[in-house]
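The chain contents come next:
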Number of protein chains: 2
Amino acid sequence: MHRTKVTIVEEALDANNTIAQANRADFDRAGVKVVNFMSAPGAGKTMLLERVVADLPGVRAGVLEGDVQGSLDADRLAAKHVPVTQLNTDSGFGGECHLDANMVRSALPQLPLDDIDLLVVENVGNLVCPAEFRIGEDARVMVSAVTEGEDKPLKYPLMFRTCDLVLVNKIDLLPHLDYDLDRFLHHLDHVHPDVERMLVSARTGEGVDAWRDWLVRVAGRERALA
Amino acid sequence: MHRTKVTIVEEALDANNTIAQANRADFDRAGVKVVNFMSAPGAGKTMLLERVVADLPGVRAGVLEGDVQGSLDADRLAAKHVPVTQLNTDSGFGGECHLDANMVRSALPQLPLDDIDLLVVENVGNLVCPAEFRIGEDARVMVSAVTEGEDKPLKYPLMFRTCDLVLVNKIDLLPHLDYDLDRFLHHLDHVHPDVERMLVSARTGEGVDAWRDWLVRVAGRERALA
């Protein structure tokens, strides 16, 4: 009796993860590290990038800017003389509330991968869906502004659980808020124990050096000793 | 030759709009007005409801609370002794970033429609997708906190364009922010000319009376003259 060997594929990646792996392979070939940068609308992602992106010792950075519409943030970052590519989800992607691997892949031909060491992908402002889609990143960073309240880790746990660094932004406003930082950190540790976190103010610059150093480390080029 | 009359349906509603109309018919039969209440995460929806929901002259209000996970906001509002129903998108709805007409319909049997005049549906915190899904509401209200920056109408135009009232919240923080209110209002009028707007602070109570009066008007019961 003739036997045919049947190979069973145990687990197929969904389409998004398959494309994310292809993106990751292309980034790796180009020697580019990728950060997926996420937050709610208005948490301060763009300003936190403006603070550091043109001044990363030994690291050439580029930005892929995701928005439903417009290029306000891309224009701000382009003024810093770093390469910025705009990806709008409104045209051709149905006004999606997040970036996915396929959208990022569609932008690859426009990205100057040979001229950069680090690509920061500023995702659409949203605490839900961006966390569900890998795009081929090496690390995920989220911003949680203290003006949003202490309860956000409990209400949007996937976002807080799947990131590698939490930037707690707008701490210059703490004296003017009824915000209990210890309670926020307690909630954060509940959904993602010991995740790295930094207290920062994009407006005053407080804590921004640590954020800059973190990006340099991710890019694999430790800051040269002074 | 035999002729068959063919009736062409010019425009079919999509499934969401069909269900939204069914919801609306049920709300109308019960004499309940419905407000779809939307914002980014942490803009202050729940606190703005806490301020007014138990104190609407002549109006019995209920709340349908939409969250990805948990019942933090529902618990806060239940403490005000108004009927609150929790709808979690995580269980059974795939962690959706918005409420749609079908999710609201699934909650109808739990809603005390015979005992209320006004139902406020607190949507998931998100400035993108909630604007795309009618749920059977009479009016849409959005909250835009001044801590989110002036550019939000330009970045999330559908949300600002499809609402009937914009609550500009957290104005108590204006002295501590680099926020240009005139610029925000200019952007707002660009995407939605002359939309009704109110400057409020859920924290201090400033402007909250106007918000309360607006809800009473929507419920169709003008405040009795004192």
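The structure under discussion appears in the preceding block.
Cut-offs applied
Residues numbered from 1 in each chain as written. Chains lettered and ligands numbered in written order. Predicted model: local features only at pLDDT ≥ 70, side-chain atom pairs only at ≥ 80, totals over all residues. Heavy atoms only, no water. Helix = DSSP H or I, 4+ residues; strand = E, 2+ residues; numbered from the N terminus. Rg over C-alpha atoms; globule rule 2.2 N^0.38 Å. Buried < 20%, exposed > 50% of the residue type's maximum accessible area, 1.4 Å probe, protein only. Contact = heavy atoms within 4.5 Å. Salt bridge = Lys/Arg side-chain N within 4 Å of Asp/Glu carboxyl O. Least-squares fit on C-alpha atoms with pLDDT ≥ 70 in both. Arc of directions from axis to C-beta. Phe/Tyr/Trp six-rings, centres within 6.5 Å; stacked < 30°, edge-to-face > 60°. Buried area = accessible area lost by both parts, 1.4 Å probe. Polar contact = N/O pair within 3.5 Å; in protein donor to acceptor, adjacent residues only side chain to side chain. Nonpolar A, V, L, I, M, F, W, Y, C, P; charged D, E, K, R; others polar. Pairing = 2+ DSSP bridges. Axes fitted to C-alpha atoms, helices over the stretch in contact; angles between N-to-C directions. Core = buried A, V, L, I, M, F, W, Y, C linked by side-chain atoms within 4.5 Å.

On a plain count of helices and strands, chain A comes out with eight helices and seven strands. For a compact globule of 226 residues, the expected C-alpha radius of gyration is about 17 Å, and chain A comes in at 19 Å, within 12% of that figure. The principal-axis extents of the C-alpha atoms in chain A amount to approximately 80 × 40 × 40 Å. Burial analysis of chain A (226 residues in total) assigns 55% to the buried set. Residue pairs in contact within chain A that sit at least 24 positions apart in sequence constitute 74% of those at least 6 positions apart.

By the definition in use, this model includes 36 salt bridges over all chains. Between Asp178(B) and Arg203(A) there is a salt bridge, with the nearest N and O atoms lying 2.9 Å from each other. Linking Asp178(B) in the loop between strand S6 (165–169) and helix H7 (181–191) with Arg203(A) in the loop between strand S7 (196–199) and helix H8 (208–218), this pair reaches from one chain into another. A relative accessible area of 62% places Asp178(B) in the exposed class. Overlapping salt bridges bring together Glu50(A), Asp67(A), Asp73(A), Arg76(A) and Lys155(B) as one network.

Bringing the relation of the copies chain B and chain A into the picture now. Note on the identical chains: chain B maps onto chain A by a rotation of 180° and an axial translation of 0.0 Å, with an RMSD of 0.1 Å. Accordingly, the operation relating the two chain copies is best matched by a two-fold axis. When C-alpha distances to the rotation axis are compared across chain B, the minimum falls at Asn126(B), with a value of 3.0 Å. Counting the interface residues of chain B, we find that 100% of their copies in chain A are interface residues as well, pointing to one common contact surface.

In this section: helix H2 (residues 45–52) of chain A. Restricting attention to buried positions, one finds in H2(A) the residues Lys45(A), Thr46(A), Leu48(A), Leu49(A) and Val52(A). Buried residues of H2(A) fall within an arc of 165° about the axis and therefore sit on the same side.

Residue and element names in this part refer to chain A. Following the criterion strictly, the structure yields eight aromatic pairs over all chains and no others. Summarising the aromatic geometry, the rings of Tyr-179 and Phe-184 are spaced 6.1 Å apart at their centres and angled 35° between planes, so their arrangement reads as tilted. Grouping residues by exposure puts Tyr-179 and Phe-184 together as buried. Grouped by ring-pair contacts, the aromatic residues Phe-37, Trp-211 and Trp-214 constitute a single cluster.

The interface of chain B with chain A comprises 33 residues on the first partner and 33 residues on the second. Across the interface of chain B and chain A, roughly 2600 Å² is buried in total on both sides, 55% from carbon and sulfur atoms. Of all residues in chain B, Pro41(B), Lys155(B) and His176(B) bury the most surface against chain A, accounting for 22% of the area lost on that side. In this structure, the connection of chain B to chain A is made through six salt bridges. Counting across the interface, chain B meets chain A through eleven residue pairs in polar contact (both at pLDDT 80 or more). Those elements that place two or more of their residues in the side of chain B that touches chain A are helix H3 (72–78) and helix H5 (152–155) of chain B. Counted by class, the side of chain B that touches chain A contains 14 nonpolar, seven polar and twelve charged residues.

All names here are of chain A. Read across the sheet, seven strands follow the order S3-S2-S4-S1-S5-S6-S7 without closing on themselves; strand pairing throughout is parallel. Of all the strands in the sheet, the pair left with one neighbour each is strand S3 (84–88) and S7. Strand-to-strand twist across the sheet, computed as the mean angle between neighbouring axes with direction ignored, equals 20°. Alignment of strand S2 (residues 61–67) against strand S4 (residues 118–122), held across five bridges, turns out to be parallel. Counted as the bridge partner of Val-63 is Val-120 from S4.

In this section: the side chain of Asn16(B). Mapped onto the elements, Asn16(B) comes out in helix H1 (residues 15–30). The residues touching Asn16(B), leaving out its near neighbours within four places in the chain, are Asp100(B), Ala101(B), Asn102(B), Phe133(B) and Arg134(B).

Let us look at the nonpolar core. If you look at the biggest cluster of nonpolar residues, it comprises 54 residues, and the most contacted ones within it are Val166(A), Phe184(A), Val166(B) and Phe184(B). Contributions of two or more residues to this core are made by helix H6 (157–161), strand S6 (165–169) and helix H7 (181–191) of chain A together with helix H6 (157–161), S6 and H7 of chain B. Once residues lying within four places of it in the same chain are set aside, the contact partners of Val166(B) are Met142(B), Ser144(B), Phe184(B), Leu188(B), Val195(B), Glu196(B), Arg197(B) and Met198(B).

This part takes up the sheet that holds strand S4 (residues 118–122) of chain B. All names here are of chain B. The strand order across the open sheet built from seven strands is S3-S2-S4-S1-S5-S6-S7, with neighbouring strands paired in parallel fashion. At either end of the open sheet lies a strand with only one pairing partner, and these are strand S3 (84–88) and strand S7 (196–199). In this sheet, neighbouring strand axes are inclined to one another by 20° on average, regardless of whether the strands run parallel or antiparallel. Here five bridges tie strand S2 (residues 61–67) to S3, and the two strands are oriented parallel to one another. Each bridged residue has a counterpart across the sheet, and for Val-63 the counterpart in S3 is Val-84.

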